[in-house]
2 protein chains.
Amino acid sequence: MQNKPKIDEMLSTLDRELPQALSRLQEFLRIASISTDPAHAGDVRKAAEWLCDELRSLGFQADVRDTPGHPMVVAHSPKGDRRPLLFYGHYDVQPVDPLELWDRPPFEPAIEDTPAGRVIRGRGASDDKGQLMTFVEAFRAWKAVHGALPSDLVLLFEGEEESGSPSLRPFLRENAEELRAGIAMICDTGLYADGRPAITTQLRGLYGEEIVIRAAEFDLHSGSFGGLAANPIQILVNALASIKDDAGRITLPGFYHGVEDLSDELRADWQALDFDAGGFLSLVGLKHPVGEQGRSALEMVWNRPTFEINGITGGYTGAGFKTVLPAEARAKVSFRLTGTQDPQAIREAFRAHIRAAIPADCTVEFHDHGASPASRMDISDPAFAAAKQALGEEWGREAAYIGAGGSIPIAGDFKEILGMDSMLIGFARDDDRIHSPNEKYDIESFAKGARSWARILAALA
Amino acid sequence: MQNKPKIDEMLSTLDRELPQALSRLQEFLRIASISTDPAHAGDVRKAAEWLCDELRSLGFQADVRDTPGHPMVVAHSPKGDRRPLLFYGHYDVQPVDPLELWDRPPFEPAIEDTPAGRVIRGRGASDDKGQLMTFVEAFRAWKAVHGALPSDLVLLFEGEEESGSPSLRPFLRENAEELRAGIAMICDTGLYADGRPAITTQLRGLYGEEIVIRAAEFDLHSGSFGGLAANPIQILVNALASIKDDAGRITLPGFYHGVEDLSDELRADWQALDFDAGGFLSLVGLKHPVGEQGRSALEMVWNRPTFEINGITGGYTGAGFKTVLPAEARAKVSFRLTGTQDPQAIREAFRAHIRAAIPADCTVEFHDHGASPASRMDISDPAFAAAKQALGEEWGREAAYIGAGGSIPIAGDFKEILGMDSMLIGFARDDDRIHSPNEKYDIESFAKGARSWARILAALA
């Protein structure tokens, strides 16, 4: 691509073709690609094949690549002389329960007019199918205007992001030569709270674990055994409650090793973002920030590690009441990690803490649900300045360098396995309800997202 | 009944008719009368009607009496000149989940030969349909041998015992004149651990409660909100863990008010029972007694109050993993009470403890699942000595006065509302798995149980 990219033509093409782009997204959203639920494995593959067909129709050389888990979609544009760019997104989605809290079937997406503007509602609309398609529509516009795809693009779309990406690292290792590029573009993050465009330069890591504590061989009558026999729910509850102290600090030995305090510079930048924690929480019906004392809200979510109980179950939970001492109790827990915290060391400390709480005649079983460290980008790469500039032009506001509380292990994996930095640019909003009932994506995010990528592709040409 | 009761004829009749008695019991057990589950309300009524028909066929004047909840079955034998006796049992049963742990459908009972002897297996076999039928078969034998039922019997069979007996106290009040008798016979307890016949002279009370803690309006992404937003599971877990201290003592203010230490006499009696806690726990796959330090095992189960978490649920508990902060968390908890502990005062203390743990932007909801004090019988009533004697003759071993960890609020209700003492005699065994999968009742318990009642009826004639 020697000639100057035709930005304005691409933008007007994207505007004109928006209705078709939205119906393509709706078609994609109708595929129930829930990667954590084995019952939906077929749907996950179906989503991969749909995506692969789309990319082929644009002239990409694309394949669905099998893995021990769900497949990867890998695509290439023709080789050329520009710095190779890798684009990453994921086509799998979160489970939908509690289903009764959805206002419409989660996999029958629709465009709705809301007081806050038009949205497309359905599971995956924002996380991550809608965001992923902003890439695809930008490529489509480029080709429509210039007659050919941008050269030297590598596309990697994953189907296991919502279930800990078990196959990703092996896949990156086995295909390192093919996938290595100058820099990776990852579209799985959000605009800053007030709708300002942003490039995420740090992400928390994630370590997830399921615990199963077993006591008696079967549920016991609490009248005959209560006071004498071990209650696995009580054991679980005691062990989980003692992980945080009254100040909200995590008490596992060595847990804070590697946690870095904010640089004065970053602290100043984040202060300048003037984050309204109360307003942010009010979006979900809450008021008061919890967590460690003496930390700013942004620091809590972007730069501090956490411990969360994501699910718990044990004993009788049906209608009415049952006076049992249950045979087992289970919990799913996760830690968000920052700085250079070592997920393996924290797993050891956590498991040791739980094991120490188990009486001699009870047992505990652990199920690993993935562990990845936090990541921090090197923003000295000129691509960051170029993208920041392009985003500012599209959104009419200066783009911010921000952090993210979520975990996108892929960024760390790209760095570690492919020696490649990542640029995290996304257009989700805080009220998108990702992972929750009634997930949505703003039409504005989708439209200006695709326009943003067209500008960034041009800026990096 | 002026003539001396024909004990030997009744016993040989019971032995001869055992097969028919067992098929009647199986028919009764096929009715899925789960009182806690609204879906089974029709089955509960069906069980009441089945029982009523049985009693009418024996010459009782019997009715199914409606209540705001499940019905009562009330029956009378002809009036005569003996001290009226009331017989109480319950025809409702516990829920059956986890269903997959049953070796056979819970409501398709069968007689099985086991290494420990023949048993009848099915939900309710022991608690309480099998025990209730020991009354009925004894009455049947009496009538077969003497040509008429024993006079002055009042039968009260309840359908809500497993769901907190909401209708019972009002029913006793409204029908006090009709139901008041000299003493009540309650068949809902067990033999002593080693199979020795026993009369239970004290029972623990029970206070049950469900807690629902709500935080955000919907499940949140733990990446976007973790560290900042309240997690209702964490709140619940912290509140529940702090109810007991490290020594296993319950920390609610005033909780131990009214708890009475054992009399030296009772302590000596119970010591003499030479209870093998390890052996008792080994029946269910456990080894080590838990609970308060410095208390004997029998004391723990019979004379000390407890706090138990019977069920807990919140967040994502399905296959795989979901990094949510859930919108709500729930627990079902119960306290076993002893001495003169006041259930209402303890409810207040418990609710206050939970409320104190709820942040300003979260809510808690309580669902009352019944509250009844402990009860202790007056064994100076000569009926106790007579029954003790009769049991000794049937079982060939001296009967013991014991306590029970379970709650049979009816005994306290009879005392309070009808001014009537109760005699708790039952034939269940510790390995009957009541409230658990694969519940069973020993054929020996059923056969000798009916024989025991025939002897007791004669002894009290």
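The structure presented is a predicted model; accordingly, all values stated were derived computationally and were not measured.

1. Quick notes on the overall build of chain A
Point 1. In terms of helices and strands, chain A carries 15 helices and 18 strands.
Point 2. Expected size for 461 residues packed as a compact globule is a radius of gyration near 23 Å; at 23 Å, chain A falls within 12% of this value.
Point 3. Looking at chain A as a whole, 63% of its 461 residues qualify as buried.
Point 4. Expressed as a percentage of contacts within chain A between residues at least 6 apart in sequence, the contacts between residues at least 24 apart total 80%.
Point 5. Across chain A, the mean location of the 48 positive side-chain charges is 3 Å away from that of the 69 negative side-chain charges.

2. Observations concerning the pattern of salt bridges
Residues and elements named next belong to chain A.
Point 1. In this structure the tally under the stated criterion is 82 salt bridges over all chains.
Point 2. Between glutamate 210 and arginine 330 there is a salt bridge; the shortest N-O distance is 3.3 Å. You can see glutamate 210 sitting in strand β9 (residues 205–214) and its partner arginine 330 sitting in strand β13 (residues 328–337), a full 120 residues away along the chain.
Point 3. Using a relative accessible area of 26% as the deciding quantity, one classes arginine 330 as partly exposed.
Point 4. By sharing partners, the salt bridges in this structure join Arg249, Asp261, Arg267, Glu292, Arg295, Glu299 and Arg304 into a single network.

3. Regarding the relation of the copies chain B and chain A
Point 1. Under the fitted operation, chain B is carried onto chain A by 0.0 Å of movement along the axis and a turn of 180°, and the coordinates agree to an RMSD of 0.1 Å. Within this description, the copies of the chain are treated as partners about a two-fold rotation axis. It is threonine 313 of chain B whose C-alpha, among those of chain B, lies nearest the rotation axis, at 2.2 Å.
Point 2. Both copies share a contact surface, since 100% of the interface residues of chain B are interface residues in chain A too.

4. Examining helix α13 (residues 382–395) of chain A
Residues and elements named next belong to chain A.
Point 1. When the terminal C-alpha atoms of α13 are compared, their 20 Å separation across 14 residues agrees well with the 20 Å that a helix rising 1.5 Å per residue should span.
Point 2. When α13 is considered as a whole, its buried residues turn out to be Ala383, Phe384, Ala387, Lys388, Ala390, Leu391, Gly392, Glu394 and Trp395.
Point 3. Buried residues belonging to α13 abut α1 (7–16), β7 (183–186), β8 (198–203), β16 (400–404), β17 (422–425) and α15 (443–459).
Point 4. Residue aspartate 381 occupies the N-cap position of α13, its side-chain oxygen lying 2.8 Å from the main-chain nitrogen of alanine 383.
Point 5. Of the residues trailing α13, glycine 396 is marked for its positive phi of about 70°.

5. Some points on the side chain of glutamate 209 of chain A
Point 1. Turning to its location among the elements, glutamate 209 of chain A is positioned in strand β9.
Point 2. A distance of 2.5 Å separates polar atoms of two side chains, one belonging to glutamate 209 of chain A and the other to arginine 351 of chain A.
Point 3. Setting aside anything within four residues of it in sequence, one finds glutamate 209 of chain A in contact with Ala331, Lys332, Val333, Arg347, Phe350, Arg351, Phe366, His367, Asp368 and His369 of chain A together with Phe321 of chain B.

6. Examining the sheet that holds strand β14 (residues 363–372) of chain A
Point 1. Across the sheet, which stays open at both edges, the eight strands sit in the order β14(A)-β9(A)-β13(A)-β11(A)-β11(B)-β13(B)-β9(B)-β14(B) with antiparallel pairing between neighbours. Every interior strand has two partners, whereas the edge strands, β14 of chain A together with β14 (363–372) of chain B, have only one. The mean angle between the axes of side-by-side strands here comes to 20°, regardless of whether they run parallel or antiparallel.
Point 2. In terms of strand pairing, strand β9 (residues 205–214) of chain B meets strand β13 (residues 328–337) of chain B through ten bridges, oriented antiparallel. Within the sheet, the bridge partner assigned to isoleucine 211 of chain B lies in β13 of chain B and is alanine 331 of chain B.

7. Side note on the pairing of β9 of chain A
All names here are of chain A.
Point 1. Burial analysis of β9 places nine of its ten residues in the buried class, the great majority of the element.
Point 2. Both β9 and β14 contribute to a ladder of eight bridges, which runs antiparallel. Opposite arginine 214, over in β14, you have threonine 363 as the bridge partner.

8. Quick look at the UniProt feature "domain: Peptidase M20 dimerisation" (unreviewed entry) in chain A
Point 1. UniProt tags residues 219–360 of chain A as "domain: Peptidase M20 dimerisation" (unreviewed entry).
Point 2. With 35% helix and 17% strand, residues 219–360 of chain A has end C-alpha atoms that lie 19 Å from one another.

9. Observations concerning the environment of aspartate 103 of chain A
Point 1. Inspection of the secondary structure assignment puts aspartate 103 of chain A in the loop between β3 (85–90) and β4 (110–114).
Point 2. Taking C-alpha positions, aspartate 103 of chain A is 9.8 Å from glycine 122 of chain A, a pair spaced 19 residues apart along the chain.

10. Considering the interface of chain B and chain A
Point 1. At the junction of the two partners, chain B supplies 86 residues and chain A supplies 86 residues.
Point 2. Interface area for chain B against chain A, summed over the two sides, is near 7600 Å², with a carbon-plus-sulfur share of 60%.
Point 3. Scanning the region where chain B abuts chain A turns up zero salt bridges.
Point 4. Inspection of the chain B/chain A interface yields 38 residue pairs in polar contact (both at pLDDT 80 or more).
Point 5. Per-element tally for the side of chain B that touches chain A: the top contributor is strand β11 (residues 306–315) of chain B, with ten residues.
Point 6. For the side of chain B that touches chain A, the per-class residue count stands at 41 nonpolar, 31 polar and 14 charged.
Point 7. Across five bridges, strand β11 (residues 306–315) of chain A lies against β11 of chain B in antiparallel orientation. Looking at β11 of chain B, one finds that threonine 313 of chain A is bridged to threonine 313 of chain B.

Rules of the game
Residues numbered from 1 in each chain as written. Chains lettered and ligands numbered in written order. Predicted model: local features only at pLDDT ≥ 70, side-chain atom pairs only at ≥ 80, totals over all residues. Heavy atoms only, no water. Helix = DSSP H or I, 4+ residues; strand = E, 2+ residues; numbered from the N terminus. Rg over C-alpha atoms; globule rule 2.2 N^0.38 Å. Buried < 20%, exposed > 50% of the residue type's maximum accessible area, 1.4 Å probe, protein only. Contact = heavy atoms within 4.5 Å. Lys, Arg positive; Asp, Glu negative; His and termini not counted. Charge placed at Lys NZ, Arg CZ, Asp CG, Glu CD. Salt bridge = Lys/Arg side-chain N within 4 Å of Asp/Glu carboxyl O. Least-squares fit on C-alpha atoms with pLDDT ≥ 70 in both. Expected span 1.5 Å × (residues − 1). Polar contact = N/O pair within 3.5 Å; in protein donor to acceptor, adjacent residues only side chain to side chain. Pairing = 2+ DSSP bridges. Axes fitted to C-alpha atoms, helices over the stretch in contact; angles between N-to-C directions. UniProt positions renumbered as here; feature names shortened; annotations may be inferred. Buried area = accessible area lost by both parts, 1.4 Å probe. Nonpolar A, V, L, I, M, F, W, Y, C, P; charged D, E, K, R; others polar.

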